[in-house]
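Structural overview
As a plain string of letters, each chain reads:
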Amino acid sequence: CKWAADSVIKDYGINPQKVHIIVGGPNINEDFLKKGKKLTCPEEPTKTNPLIIGFLGKDWARKGGKFTFEVVKHLNSLGIFTILRVIGKRNKDIPNSKLMEHLGYIDKNKDLNKFINEINSWHFSSLFSYSEASPRSNLESLRLGVPILSHDIGGISSTFINNYYGHLFRPFPPINEVTEWIISEIKPYNNYYQKRLALKEICDQITWTKELLKMKEILANT
């Protein structure tokens, strides 16, 4: 990620011409995706059909779960029926709430179809870590056609690829800044729908294969 590359150059004095960024790809079996069903877009949020924000990660505290849940609660206070769906091992820090659905850990090696279907059902994926190097969750969400909500901490910005859909907020943004952006995207819903369709058209370019070909080219010219 650029964050790590900057550190190598500034803190260790490495020649910038010898430093390259290979973001990598999502940890999802591409062959399985090619054989599976087509990616879809969730329905428009209503009073009975919630806006779904997803959280993917085993470290609820570090990855900003509490902040994301506050965003969800604020959206509900504004009349936007919203739930937070959480993939990851449950721990004492994760609250019990009717506004949260905890799915536990989903093993991609054993139940990749469940993992794909779950993330694809989200309106937005979230990552508001207070410390982060090079998160796979953002890339996995984008690969599955789901826009991401994150802030500019550590290596997160490098996972916002060209033509992505989502938003990279300033570090530790106010809750109302995040909720206002979300509402501006889903109203009218066709705005969101069209941007999600555009992401769907390019998401198959987000792969380890593409990134490794970049690495191969770099090594060939070194």
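Relevant structure appears above.
Throughout what follows, the structure given in this document is the object of discussion. (Residues numbered from 1 in each chain as written. Predicted model: local features only at pLDDT ≥ 70, side-chain atom pairs only at ≥ 80, totals over all residues. Heavy atoms only, no water.)

1. So, the packing of helix α6 (residues 175–186) against helix α7 (residues 189–202)
Put simply, the rule is: Each axis is a line fitted through C-alpha atoms, and for a helix only the stretch in contact is used; angles between axes span 0 to 180 degrees, taken between their N-to-C directions. Under the DSSP-based scheme used, a helix requires at least four consecutive residues in state H or I and a strand at least two consecutive residues in state E, with every element numbered from the N terminus. If an angle is under 35 degrees, it is roughly parallel; if it is over 145, roughly antiparallel; if it lies from 65 to 115, roughly perpendicular; otherwise it is oblique. We call two residues contacting when some pair of their heavy atoms lies within 4.5 Å. Side-chain classes follow a simple rule in which Ala, Val, Leu, Ile, Met, Phe, Trp, Tyr, Cys and Pro form the nonpolar group, Asp, Glu, Lys and Arg form the charged group, and the remainder, Gly included, forms the polar group.
Look at α6 against α7: their axes get within 5 Å of each other, and the N-to-C directions meet at 85°. Viewed along their axes, α6 and α7 adopt a mutual orientation that is roughly perpendicular. Across from S184, E185 and I186 in α6, the residues of α7 making contact are Y189, N191, Y192 and K195. A class-by-class count of the residues in the contact of α6 with α7 yields 3 nonpolar, 2 polar and 2 charged.

2. Here's the deal with the environment of N76
Locating N76 in the fold gives a position in helix α3 (residues 65–77). Here N76 is in contact with F81, T82 and L99, once residues within four sequence places are set aside.

3. A short note on the sheet that holds strand β4 (residues 124–127)
Rule in force here: Being paired, for any two strands, means DSSP has found at least two bridges between them.
As summarised here, the arrangement of the 6 strands in space is β3-β2-β1-β4-β5-β6, forming an open sheet in which the pairing is parallel. Unpaired on one side and paired on the other, β3 (100–104) and β6 (166–169) mark the two borders of the sheet. Strand-to-strand, the axes of this sheet are offset by a mean angle of 20°, without reference to chain direction. Pairing of strand β1 (residues 51–56) with β4 involves 3 bridges; the strand directions are parallel. Bridging from a neighbouring strand, I53 pairs with F124 of β4.

4. Focus: a nonpolar patch on the surface
Selection criterion: Excluding any residue in a salt bridge, patches collect residues exceeding 30% relative accessible area, merging like charges within 9 Å and nonpolar Val, Leu, Ile, Met, Phe, Trp and Tyr side chains within 5 Å. Only the protein chains shown count as covering a residue, and every accessible area follows the Shrake-Rupley method with a 1.4 Å probe. Salt bridge, as used here, is a side-chain nitrogen of Lys or Arg placed within 4 Å of a carboxyl oxygen of Asp or Glu. Categorising residues by exposure relies on relative accessible area from a 1.4 Å probe, with only protein chains included: less than 20% of the type maximum marks a residue as buried, more than 50% marks it as exposed, and the intermediate range marks it as partly exposed.
Together, W208, L212, M215 and L219 line one region of the surface with nonpolar side chains, adding up to about 390 Å² of accessible area. With respect to the element layout, L219 can be found in helix α8 (residues 208–220). Note on L219: relative accessible area 58%, which makes it exposed.

5. Looking at the pairing of strand β2 (residues 82–87)
Our working rule: Whether a crossover is right-handed comes down to one check: with the strands pointing away from the viewer, does the path from the first strand over the helix to the second run clockwise; if it does, it is right-handed.
Among the 6 residues in β2, 6 count as buried, and that is most of the element. In β2, alternate side chains face the same way, and those of T82, L84 and V86 on one face and I83, R85 and I87 on the other are all buried. Bridging between β1 and β2 involves 6 bridges; their strand directions are parallel. Along β2, the bridge assignment pairs G54 with R85. In this fold, β1 hands off to α3, which returns the chain to β2; that crossover is right-handed. Pairing analysis gives 4 bridges linking β2 to β3, with the strands arranged parallel. When the sheet's bridge partners are listed, V86 is paired in β3 with H102.

6. As for the packing of aromatic side chains
Spelled out, the test is: Ring pairs are drawn from Phe, Tyr and Trp, using the six-membered ring of Trp, whenever the two centres fall within 6.5 Å, and their geometry is named by plane angle: stacked under 30 degrees, edge-to-face over 60, tilted for the rest. Over a ring means this: the NZ of a Lys or the CZ of an Arg is within 6 Å of the ring centre and within 35 degrees of the ring normal.
Throughout the structure, instances matching the rule amount to 9 aromatic pairs. Considering the side-chain rings of F124 and Y192, the 5.5 Å spacing of their centres and the 65° angle between planes classify their relative orientation as edge-to-face. Of this pair, F124 sits in strand β4 while Y192 sits in helix α7, and the two are 68 residues apart along the sequence. For F124, a relative accessible area of 0% gives the class buried. By relative accessible area, which is 0% here, Y192 ends up buried. We note K108 situated over the ring of F115; from NZ or CZ to the ring centre the distance is 5.2 Å.

7. Focus: the pattern of salt bridges
If you walk through the whole model with that rule in mind, you get 13 salt bridges. One salt bridge connects D93 with K92, and the closest N-O pair in it is separated by 3.6 Å. Overall, K92 belongs to the exposed group, its relative accessible area being 77%. Here the salt bridges share partners, and the residues they tie into one network are D59, R62, K63 and E132.

8. Points about unusual backbone geometry
Going from K187 to P188, the amide bond is cis rather than trans, its omega being 0°. Structurally, P188 is set in the loop between α6 and α7. Unusually for a residue other than glycine, F172 sits at a positive phi of about 50°. Looking at the secondary structure, you find F172 in the loop between β6 and α6.

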